[in-house]
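For reference, the chains in residue letters:
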Amino acid sequence: MKKIFSFVTSEIVLWFGCLFYLVLFNPYLSSHFTFCVINIVGITWCPGCGIGKSISYLLHGDIYKSFETHILGTPALILIIIRIVQLYNFKNKLKLTESYL
(Lines give C-alpha, C1' and ligand atoms only; values in the text may rest on other atoms or scores of the structure.)
Protein backbone atom coordinates (compact mmCIF):
# COMPACT_ATOMS: atom_id res chain seq x y z
CA MET A 1 0.00 0.00 0.00
CA LYS A 2 2.84 2.39 0.83
CA LYS A 3 4.41 1.68 -2.57
CA ILE A 4 1.25 2.84 -4.37
CA PHE A 5 1.00 5.88 -2.09
CA SER A 6 4.62 6.77 -2.87
CA PHE A 7 4.06 6.36 -6.63
CA VAL A 8 0.95 8.58 -6.57
CA THR A 9 2.80 11.25 -4.59
CA SER A 10 5.73 11.10 -7.02
CA GLU A 11 3.45 11.52 -10.01
CA ILE A 12 1.70 14.52 -8.45
CA VAL A 13 5.08 16.15 -7.77
CA LEU A 14 6.18 15.41 -11.34
CA TRP A 15 3.10 17.02 -12.91
CA PHE A 16 3.31 20.07 -10.64
CA GLY A 17 7.02 20.37 -11.42
CA CYS A 18 6.34 20.29 -15.14
CA LEU A 19 3.62 22.93 -14.89
CA PHE A 20 5.84 25.06 -12.64
CA TYR A 21 8.62 24.85 -15.23
CA LEU A 22 6.21 25.91 -17.98
CA VAL A 23 5.13 28.89 -15.89
CA LEU A 24 8.76 29.96 -15.43
CA PHE A 25 9.75 29.12 -19.03
CA ASN A 26 9.84 32.14 -21.36
CA PRO A 27 7.98 30.99 -24.49
CA TYR A 28 8.78 34.20 -26.34
CA LEU A 29 12.42 33.19 -26.89
CA SER A 30 12.84 32.06 -30.47
CA SER A 31 15.51 29.41 -29.95
CA HIS A 32 15.58 26.66 -27.37
CA PHE A 33 17.09 23.22 -26.89
CA THR A 34 14.97 20.31 -28.06
CA PHE A 35 15.07 16.55 -27.57
CA CYS A 36 12.86 15.97 -30.64
CA VAL A 37 14.66 13.65 -33.04
CA ILE A 38 12.40 14.74 -35.92
CA ASN A 39 13.37 18.38 -35.36
CA ILE A 40 17.07 17.54 -34.98
CA VAL A 41 17.00 15.68 -38.32
CA GLY A 42 15.66 18.84 -39.96
CA ILE A 43 11.98 18.12 -40.51
CA THR A 44 10.16 21.31 -39.56
CA TRP A 45 6.77 19.84 -38.67
CA CYS A 46 6.27 17.39 -35.82
CA PRO A 47 2.90 16.52 -34.21
CA GLY A 48 4.32 16.83 -30.68
CA CYS A 49 6.61 19.81 -31.05
CA GLY A 50 5.24 23.03 -29.66
CA ILE A 51 2.76 21.55 -27.19
CA GLY A 52 4.89 22.57 -24.20
CA LYS A 53 5.37 26.02 -25.65
CA SER A 54 1.63 26.21 -26.30
CA ILE A 55 0.86 25.32 -22.67
CA SER A 56 3.42 27.89 -21.55
CA TYR A 57 1.76 30.60 -23.68
CA LEU A 58 -1.58 29.59 -22.20
CA LEU A 59 -0.25 29.80 -18.64
CA HIS A 60 1.12 33.26 -19.45
CA GLY A 61 -2.33 34.33 -20.69
CA ASP A 62 -1.59 34.53 -24.42
CA ILE A 63 -4.44 32.38 -25.75
CA TYR A 64 -4.06 33.41 -29.40
CA LYS A 65 -0.35 32.54 -29.50
CA SER A 66 -1.11 29.27 -27.68
CA PHE A 67 -3.54 28.17 -30.40
CA GLU A 68 -1.16 29.39 -33.08
CA THR A 69 1.71 27.31 -31.67
CA HIS A 70 -0.23 24.05 -31.15
CA ILE A 71 -3.97 23.51 -31.24
CA LEU A 72 -3.85 20.72 -28.63
CA GLY A 73 -2.16 22.84 -25.93
CA THR A 74 -5.42 23.73 -24.18
CA PRO A 75 -6.81 20.15 -24.13
CA ALA A 76 -3.41 18.90 -22.91
CA LEU A 77 -3.41 21.40 -20.02
CA ILE A 78 -6.97 20.43 -19.10
CA LEU A 79 -6.01 16.73 -19.13
CA ILE A 80 -2.96 17.40 -16.94
CA ILE A 81 -5.10 19.29 -14.42
CA ILE A 82 -7.71 16.49 -14.45
CA ARG A 83 -4.92 13.94 -13.85
CA ILE A 84 -3.58 15.93 -10.89
CA VAL A 85 -7.07 16.09 -9.37
CA GLN A 86 -7.56 12.33 -9.93
CA LEU A 87 -4.25 11.54 -8.27
CA TYR A 88 -5.00 13.84 -5.35
CA ASN A 89 -8.41 12.21 -4.80
CA PHE A 90 -6.89 8.73 -5.10
CA LYS A 91 -4.16 9.66 -2.64
CA ASN A 92 -6.76 10.85 -0.12
CA LYS A 93 -8.78 7.67 -0.64
CA LEU A 94 -5.62 5.60 -0.02
CA LYS A 95 -4.89 7.58 3.13
CA LEU A 96 -8.44 7.00 4.37
CA THR A 97 -8.26 3.26 3.57
CA GLU A 98 -4.89 2.97 5.28
CA SER A 99 -6.27 4.48 8.48
CA TYR A 100 -8.90 1.72 8.64
CA LEU A 101 -6.31 -1.07 8.37
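The paragraphs below set out a description of the structure included in this document. Starting from 1, residues in each chain are numbered consecutively following that chain's sequence as written. Thresholds applied to this predicted model are a pLDDT of at least 70 for local features of residues and 80 or more for the giving and counting of side-chain atom pairs; totals over whole chains, interfaces and linings are not thresholded and use all residues. As a convention, hydrogens and water are excluded, and side-chain values are obtained from all of the structure's heavy atoms.

### Some remarks on the nonpolar core
One broad trend across soluble globular proteins is that nonpolar side chains are buried collectively.
Consideration 1: Take the buried residues of types Ala, Val, Leu, Ile, Met, Phe, Trp, Tyr and Cys, join any two whose side-chain atoms come within 4.5 Å, and each joined set is a nonpolar core. Throughout, exposure labels follow a simple rule: accessible area from a 1.4 Å probe, protein chains only, divided by the maximum for the residue type, with under 20% read as buried, over 50% as exposed, and the rest as partly exposed. Listed in full, the 8 residues of the largest apolar core are L19, L22, I55, L58, A76, L77, I80 and I84.
Consideration 2: Helix and strand definitions follow DSSP, with helices as H or I runs of at least four residues and strands as E runs of at least two, each counted in order from the N terminus. Mapped by element, the contributors of at least two residues to this core are α1 (2-24), α3 (51-59) and α5 (73-100).
Consideration 3: The greatest single-element share of this core, amounting to 4 residues, is contributed by α5.
Consideration 4: In contact with I55, not counting residues within four places along its chain, are L22, G73, A76, L77 and I80. Only heavy atoms enter the contact rule, under which two residues are in contact if any of them lie within 4.5 Å.

### Structural notes on the side chain of S54
Consideration 1: Looking at the element boundaries, S54 is found in helix α3.
Consideration 2: Leave out the neighbours within four places in its chain, and S54 touches S66, T69, H70 and G73.

### Let's talk about α3
Along an α-helix, a turn takes 3.6 residues, which lines up residues three or four apart on a common side.
Consideration 1: Along α3, the positions that sit buried rather than exposed are K53, S54, I55, S56, Y57 and L58.
Consideration 2: One or two residues past the end of α3 sits G61, with phi positive at roughly 90°.

### Some thoughts on the pattern of salt bridges
Consideration 1: Basic side-chain nitrogens of Lys or Arg form a salt bridge, by our definition, when they fall within 4 Å of a carboxyl oxygen of Asp or Glu. Tallying each qualifying case throughout the model produces 2 salt bridges.
Consideration 2: We note a salt bridge from E68 to K65, for which the minimum N-O separation is 3.2 Å. Separated by 3 residues within a single helix, E68 and K65 lie in helix α4 (residues 63-69), roughly one turn from each other.
Consideration 3: Residue E68 is classed as partly exposed on the basis of its relative accessible area, which comes to 46%.

### A closer look at the side chain of S56
Consideration 1: By secondary structure assignment, the location of S56 is in helix α3.
Consideration 2: At 3.4 Å, the side chain of S56 forms a polar contact with the backbone oxygen of F25.
Consideration 3: Beyond its immediate chain neighbours, meaning those up to four positions away, S56 contacts L22, F25 and P27. For the purposes of these results, a polar contact is taken to be a pair of N or O atoms within 3.5 Å, where, inside protein, one atom must be able to donate a hydrogen and its partner to accept one; residues adjacent in sequence count only when each atom of the pair is a side-chain atom.

By themselves, these observations are geometric and do not establish any function.
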